[in-house]
Amino acid sequence: MADSALKTLAQDIFRKTISEMEPARMIERTVRLKDNMLYVEGDAFTLDPKEKVYVIGAGKASGNMAQGLEVSLGNRIRRRCGGAARTQKIAGIYSAF
């Protein structure tokens, strides 16, 4: 394999790895809602049909993780508290320390 092909392959692997490690995508892969069952990795939780989910986060990645939860949980989310990244559906409370 030529040096330029190896360089392109290495760059592709790097980009793919970084995109898979993005917090929102990680949450989308590990948290899902089906009917009234909330699945988080290997655990399952039964939710009341009318029950909303409140998201509380702290740290630099919490806003991005909340973006992933918006995709996974949709309208079940009532409110998010914390984080820096803005989200579409979740009203956030933002602060600085």
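Look a little higher up for the structure.
Summarised in this report is the structure supplied together with it. What you are looking at is a predicted structure, and each value in this text was computed from that prediction instead of being measured. (Residues numbered from 1 in each chain as written. Predicted model: local features only at pLDDT ≥ 70, side-chain atom pairs only at ≥ 80, totals over all residues. Heavy atoms only, no water.)

## Structural notes on the overall build of the chain
Then, in step 1: Secondary structure summary: the chain contains three helices and five strands in total.
Then, in step 2: Taking all 97 residues of the chain together, the buried fraction comes to 25%.
Then, in step 3: Across the chain, contacts joining residues at least 24 apart in sequence account for 40% of those joining residues at least 6 apart.
Then, in step 4: Surface exposure of the chain reaches about 7200 Å², of which carbon and sulfur atoms provide 57%. (Helix = DSSP H or I, 4+ residues; strand = E, 2+ residues; numbered from the N terminus. Buried < 20%, exposed > 50% of the residue type's maximum accessible area, 1.4 Å probe, protein only. Contact = heavy atoms within 4.5 Å. Areas by Shrake-Rupley, 256 points an atom, 1.4 Å probe, with all protein chains shown as cover.)

## Remarks on the side chain of Arg 76
Then, in step 1: Relative to the elements of secondary structure, Arg 76 occurs in the loop between α3 (62–73) and β5 (77–81).
Then, in step 2: It is Glu 51 that comes nearest to the buried, bridge-free Arg 76 among opposite-charge side chains, at 5.1 Å.
Then, in step 3: Beyond its immediate sequence surroundings of up to four residues, Arg 76 is in contact with Leu 33, Asp 35, Asn 36, Leu 47, Asp 48, Pro 49, Glu 51, Lys 52 and Val 53. (Lys, Arg positive; Asp, Glu negative; His and termini not counted. Salt bridge = Lys/Arg side-chain N within 4 Å of Asp/Glu carboxyl O.)

## Observations regarding the nonpolar core
Then, in step 1: One finds Ile 27, Val 31, Leu 38, Leu 47, Val 53, Val 55, Leu 69, Leu 73 and Ile 77 forming the largest nonpolar core, which totals nine residues.
Then, in step 2: Sorting the residues of this core by element identifies β4 (53–56) and α3 as the ones contributing at least two each. (Core = buried A, V, L, I, M, F, W, Y, C linked by side-chain atoms within 4.5 Å.)

## A closer look at the packing of helix α2 (residues 23–30) against α3
Then, in step 1: Relative orientation of the contacting elements α2 and α3 amounts to 35°, with a least axis distance of 7 Å. As for the relative orientation of α2 and α3, their crossing is right-handed in sense. Of the residues in α3, those touching α2 at Pro 23, Ala 24, Ile 27 and Glu 28 are Asn 64, Met 65, Gln 67, Gly 68, Leu 69, Val 71 and Ser 72.
Then, in step 2: Grouping the amino acids of the contact of α2 with α3 by side-chain chemistry returns six nonpolar, four polar and one charged. (Axes fitted to C-alpha atoms, helices over the stretch in contact; angles between N-to-C directions. Left-handed = near helix turned anticlockwise from the far one by under 90°. Nonpolar A, V, L, I, M, F, W, Y, C, P; charged D, E, K, R; others polar.)

## Let's talk about the sheet that holds strand β1 (residues 31–34)
Then, in step 1: If you trace the three strands from one edge of the open sheet to the other, you get β1-β2-β3, paired in antiparallel fashion. Where the open sheet ends on each side, the last strands, each with one partner, are β1 and β3 (43–46). On average, each strand axis in the sheet is tilted by 20° relative to the strand beside it, whichever way the strands run.
Then, in step 2: Sheet topology places β1 next to strand β2 (residues 37–40); four bridges connect them, and they run antiparallel. Bridging from a neighbouring strand, Val 31 pairs with Val 40 of β2.
Then, in step 3: Each of β1 and β2 touches α3; the most contacted strand, β1, lies at about 20° to it. (Pairing = 2+ DSSP bridges.)

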